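# A closer look at the structure
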Amino acid sequence: MDTPITGASSGTRGGITAGRLTPDAYAANFADLHPALDPHEAQVAADRCYFCHDAPCVTACPTSIDIPLFIRQIATGTPDASARTILTQNILGGMCARVCPTETLCEQACVREAAEGKPVQIGRLQRYATDHLQRQGAHPFARAAETGKRIAVVGAGPAGLACAHRLSMLGHGVALLDARPKPGGLNEFGIATYKTTGGFAQAEVEWLLGIGGIALSNGVAFGRDFTVESLLSQFDAVFLGVGLAATNGLDIPGIDLPGVDDAVDFIAALRQSDPGAVPIGRDVVVIGGGMTAVDAAVQAKLLGATNVTLAYRGPQVRMKASQYEQDLAAARGVHVIHEAMPIAVEGQGHVAAVVFDRLGERVSIPADQMLLAIGQRLDPDALPATQGGKIVTEGPGRTRTARVWAGGDCATGGDDLTVTAVAQGRDAALDIHTSLMS
Amino acid sequence: MANLASTFAGIRSPNPFWLASAPPTDKEYNVRRAFEAGWGGVVWKTLGLDPHVVNVNGPRYGAIWGADRRLLGLNNIELITDRPLQVNLDEILAVKRDYPDRAVVVSLMVPCEEEPWKLILPQVEATGADGVELNFGCPHGMSERGMGSAVGQVPEYIEMVTRWVKANTRMPVIVKLTPNITDIRKPAGAAKAGGADAVSLINTINSITSVDLDLFAPEPTIDGRGAHGGYCGPAVKPIALNMVAEIARNPDLHGLPISGIGGITTWRDAAEFMALGAGNVQVCTAAMTYGFRIVQEMISGLSEYLDERGMALSDLTGRAVPNVCDWKDLNLNAVSKARIHQDLCIKCGRCYAACEDTSHQAIAMLPGRVFAVKDDECVACNLCVNVCPVEDCITMERMAEGDVDPRTGRVVSFDHADWTTHPNNPGAVAAE
């Protein structure tokens, strides 16, 4: 909430158009949401940690990072040692520092949240340490002696990257396969631009691969270029971290009108472009209540849309976006409405309005663009057993198919968070290792 | 507003807050600013004979810090005034003339011979200064030349020089003591024997604040080398309080006025020194850290404290001295237990880690991170209170008479019983 929306809107005309703002306004709007701490700020922030016994923040962290230790290492002037503490548990600690909903994880558990409503800035301190180490260039971990085992990791998102890295550390050879043209998964394509600026996602992947032993192939798709069976015939084990590649649709009249887009595609396009080149409507309606919906709505506003409405079908308490994210949307000028069930899209050859049933009342909201963020789902082709739209796993990512593990958003047991995906990938790697070496 | 006017060793000042002999009182400009800010008096930075000394041209101070870089301890290698004697004398005269109600005491350090004292004392007297303070305390630099703490560490020298000074001036004489000794009562006694009107303490403590781990040199480092300095600031307050109390409660030294010095930063620090026997206090590091305006908080705070209790300033001095005793006289029958107030607890668990790892395993960690004292193990050591980040969250509660201490199984008695009569003490004496 530090960055005001600045710059005169050069384009308030209707329709979906790029270049609504000045270049300066785009730069300001898409700057880091939580800028990096400078050394003095980090020192002051680190001083506030009480070094709790059996610290609640560690318990709250899905990857169980030893937070009091890494903060103490910052406070004593050894940020690289601090980063190693973080990365030992969570190799994507740099990305998690940026995108974790810390307000509902470690920082919510921080005793200083209880004491004075101001938790230690754990996320920003984690970024300080991991950035410091990654600036040195060298990879901090070494591989164990080659085991001769080879594992296929499908999906180079958070789960796959964490799994591949841990397997490589343990001495295994890894083939990392990804359908997209670039690695990173949702880190690269699915997170709001202002949460991970400056090409960080790619830089982090490059740095992660610096451990060696991981052969990355992009543009190879599951189902098209290989199957579980074909991989099992070539590799000792398979890890599936394919994410939720398909999106849910909405079956209402007018949904096929031009101007109705998928929020996931919109976010991905924005991540891969200069914001000034991304077209946006003047009146945008976003359907959904999760993080993706907030990311889409906030970014629509930041791109220069005049009116952005975030419509959620249920009551506010059921929204999956954290309170922090909801507040962020409100602060950015997004109009959030609840109990709004979309029933029709109206327009002559292009979306012009979205019609809602709001507790029995028919409400029409003008829109020249509509973004759908109502959930993603698994692309179900040729996967191990699924249940509730996810691959069924037990314990550390074991599927019902022998020698196949899964983790991240595609598997059961997670919270659809980057950090849980990392934990699942890491833990599956350890289990694969135990299984292959016994 | 309580009347804070103070008379110390015959020297009057509008309040008991003086600036100690140190950089803040080095020259007229600073002292005028101090008086404008409200300080009751100053001890002018130590004068010596010409030719004046010189200072290093590199760093003079080193420090240690607490959380948020709060300065806790300061170390200096600055010597006495590095300006000509006459310049200082002229300035003292001018300041005293313009601020007749404030105390202006002049710190002195000259060689350990009577002639230099005979030479300098009349010149100081001519300025109209209210008194002199003999600098037998500075532990760095000047001590290498047989002055400062080199004198203060030899009680016979203290007595001898004090006697010379008393014989050669009508001004009140305060003897400033070094803490770099084993028993503060000896130099204090020597000052008294020499006729001193008062003592002031503590001067700074020999110290190296830190080591540069790239240069492998002590801080502050000058051209790759460092010399020990004198340590002061909040970190030395406990040492100073003890030394003040040791003098105040000694029957042979009873009545010797004490000017308390050592880490005084707030009105509360000042009140504590006074309660332990100081007639007034001197401040340096706090002023060097925050500027002269802090005296306003000292004035308002001490005044409010006295008003709330209906006490006069003179009631405060020495009020805690009767309660300073030897360990052997502490009441072994006073049994306390730690109490954790759950409504204040933020569940950091530091009390648990401290007690479980380093003490008596007397705190239980219950489901939901509830921390509770095990009375059958608690020896009331106070460590949990000290490590708890929330004030008053853990308190020591004295057990009531007649209750059974679950740790010992004994019925708590309010009768006094101490080591002197304890059966385990081979030297125990029968209770009278």
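Refer to the preceding data block for the structure.
Below or above, wherever it landed, is the structure these notes cover. Given the structure is predicted, the values throughout are model-derived calculations rather than measurements. (Residues numbered from 1 in each chain as written. Chains lettered and ligands numbered in written order. Predicted model: local features only at pLDDT ≥ 70, side-chain atom pairs only at ≥ 80, totals over all residues.)

### Describing the overall build of chain B
Quick reminder of the rule: Secondary structure is summarised from DSSP: a helix means a run of H or I of at least four residues, a strand means a run of E of at least two, and numbering begins at the N terminus for each. Just to be clear, the radius of gyration here is over C-alpha atoms, and the globule rule we use is 2.2 Å times residues to the power 0.38. Here contacts are defined at the residue level, using C-beta atoms placed from the backbone and a cut-off of 7 Å between them.
Looking only at helices and strands, one finds 13 helices and 20 strands in chain B. Computed over the C-alpha atoms, the radius of gyration of chain B is 25 Å, within 12% of the 22 Å expected from 2.2 N^0.38 for a compact globule of 432 residues. Judged by the C-alpha coordinates and their principal axes, chain B covers about 70 × 60 × 45 Å. Taking the intrachain contacts of chain B between residues at least 6 apart in sequence as the baseline, contacts between residues at least 24 apart amount to 69%.

### A few points about the overall build of chain A
This is how it is decided: Exposure classes come from backbone-placed C-beta atoms, where a residue is buried if 20 or more other C-beta atoms lie within 10 Å of its own, exposed if 12 or fewer do, and partly exposed in between.
In terms of helices and strands, chain A carries 17 helices and 17 strands. Computed over C-alpha atoms, the radius of gyration of chain A comes to 22 Å, within 12% of the 22 Å expected from 2.2 N^0.38 for 438 residues, which places it in the range of a compact globule. Counting only C-alpha atoms, chain A reaches 65 × 55 × 40 Å along its principal axes. For chain A, buried positions account for 49% of its 438 residues. Contacts spanning at least 24 positions in sequence make up 70% of the contacts within chain A whose residues lie at least 6 apart.

### Focus on the sheet that holds strand S7 (residues 103-108) of chain B
For the record, the criterion: Any two strands between which DSSP finds at least two bridges are classified as paired. To define axes, lines are fitted to C-alpha atoms, for helices over the stretch in contact only, and angles between the resulting N-to-C directions are given on a 0 to 180 degree scale.
Reading around the circumference, S3-S4-S7-S8-S9-S10-S15-S16 (chain B) is the order of the 8 strands in this closed barrel, with parallel pairing throughout. Taking the axes of each pair of neighbouring strands and ignoring which way they run, one obtains an average angle of 25° across the sheet.

### Comments concerning the interface of chain A and chain B
How big an interface is tends to be stated in terms of accessible area lost as the parts join. Selection rule: When residues are sorted by character, Ala, Val, Leu, Ile, Met, Phe, Trp, Tyr, Cys and Pro go into the nonpolar class, Asp, Glu, Lys and Arg into the charged class, and all the rest, Gly among them, into the polar class.
Taken together, the 10 residues of chain A in the interface contact 12 residues of chain B. Of all the secondary-structure elements, those providing two or more residues to the side of chain A that touches chain B are helix H2 (39-47) and helix H8 (111-116) of chain A. No other element matches H8(A), which puts 3 residues into the side of chain A that touches chain B. Split into classes, the residues belonging to the side of chain A that touches chain B amount to 7 nonpolar, 1 polar and 2 charged.

### Examining the sheet that holds strand S17 (residues 404-406) of chain A
All names here are of chain A. With parallel pairing, 5 strands are arranged side by side in an open sheet as S3-S2-S1-S4-S17. Single-partner strands in this sheet number two, and they are strand S3 (214-218) and S17. Averaged over all pairs of adjacent strands, the angle between strand axes in this sheet comes to 20°, irrespective of strand direction. Across the sheet, helix H17 (residues 418-437) is in contact with strand S1 (150-154), strand S4 (237-240) and S17; its angle to S4 comes to roughly 170°.

### Regarding helix H9 (residues 122-135) of chain A
Each α-helix winds once per 3.6 residues, and so residues spaced three or four apart point in a common direction. Residues and elements named next belong to chain A. To keep it simple, the criterion reads: Any helix carries an expected span of 1.5 Å times its number of residues minus one.
Given a rise of 1.5 Å per residue, 14 residues ought to cover 20 Å, and the 20 Å separating the end C-alpha atoms of H9 matches this to within 8%. The element H9 is extensively covered by neighbouring structure, given that 10 of its 14 residues are classed as buried. Just beyond H9, the residue with positive phi is Gly137, at close to 90°.

### Focus: the packing of helix H15 (residues 291-302) of chain A against helix H16 (residues 323-331) of chain A
All names here are of chain A. Here is the rule: In this scheme, roughly parallel covers angles under 35 degrees and roughly antiparallel covers those over 145, while 65 to 115 is roughly perpendicular and the rest are oblique. Handedness of a helix crossing follows the sense of rotation of the near helix relative to the far helix, less than a right angle counterclockwise being left-handed and clockwise being right-handed.
Interaxial distance between H15 and H16 falls to 10 Å at its minimum, and their mutual angle equals 20°. Taken as axis vectors, H15 and H16 run roughly parallel relative to one another. Relative to H16, the crossing made by H15 is left-handed. Of H16, the residues touching H15 (which contributes Met291, Val294, Ala297 and Val298) are Glu325, Gln326, Leu328 and Ala329. A class-by-class count of the residues in the contact of H15 with H16 yields 6 nonpolar, 1 polar and 1 charged.

### Quick word on the pairing of strand S8 (residues 307-311) of chain A
Residue and element names in this part refer to chain A. What counts here: Here a crossover is taken to be right-handed if, once the strands point away from the viewer, the path from the first strand over the helix to the second is traced clockwise.
Extensive coverage of S8 is indicated by the burial of 4 of its 5 residues. Alignment of strand S7 (residues 283-287) against S8, held across 5 bridges, turns out to be parallel. Paired with Ile287 across the strands is Ala311, a residue of S8. In the classification by handedness, the crossover that spans S7, the intervening H15 and the parallel S8 is right-handed. Alignment of S8 against strand S9 (residues 335-337), held across 3 bridges, turns out to be parallel.

In short, shape yes, function no, at least from these values alone.
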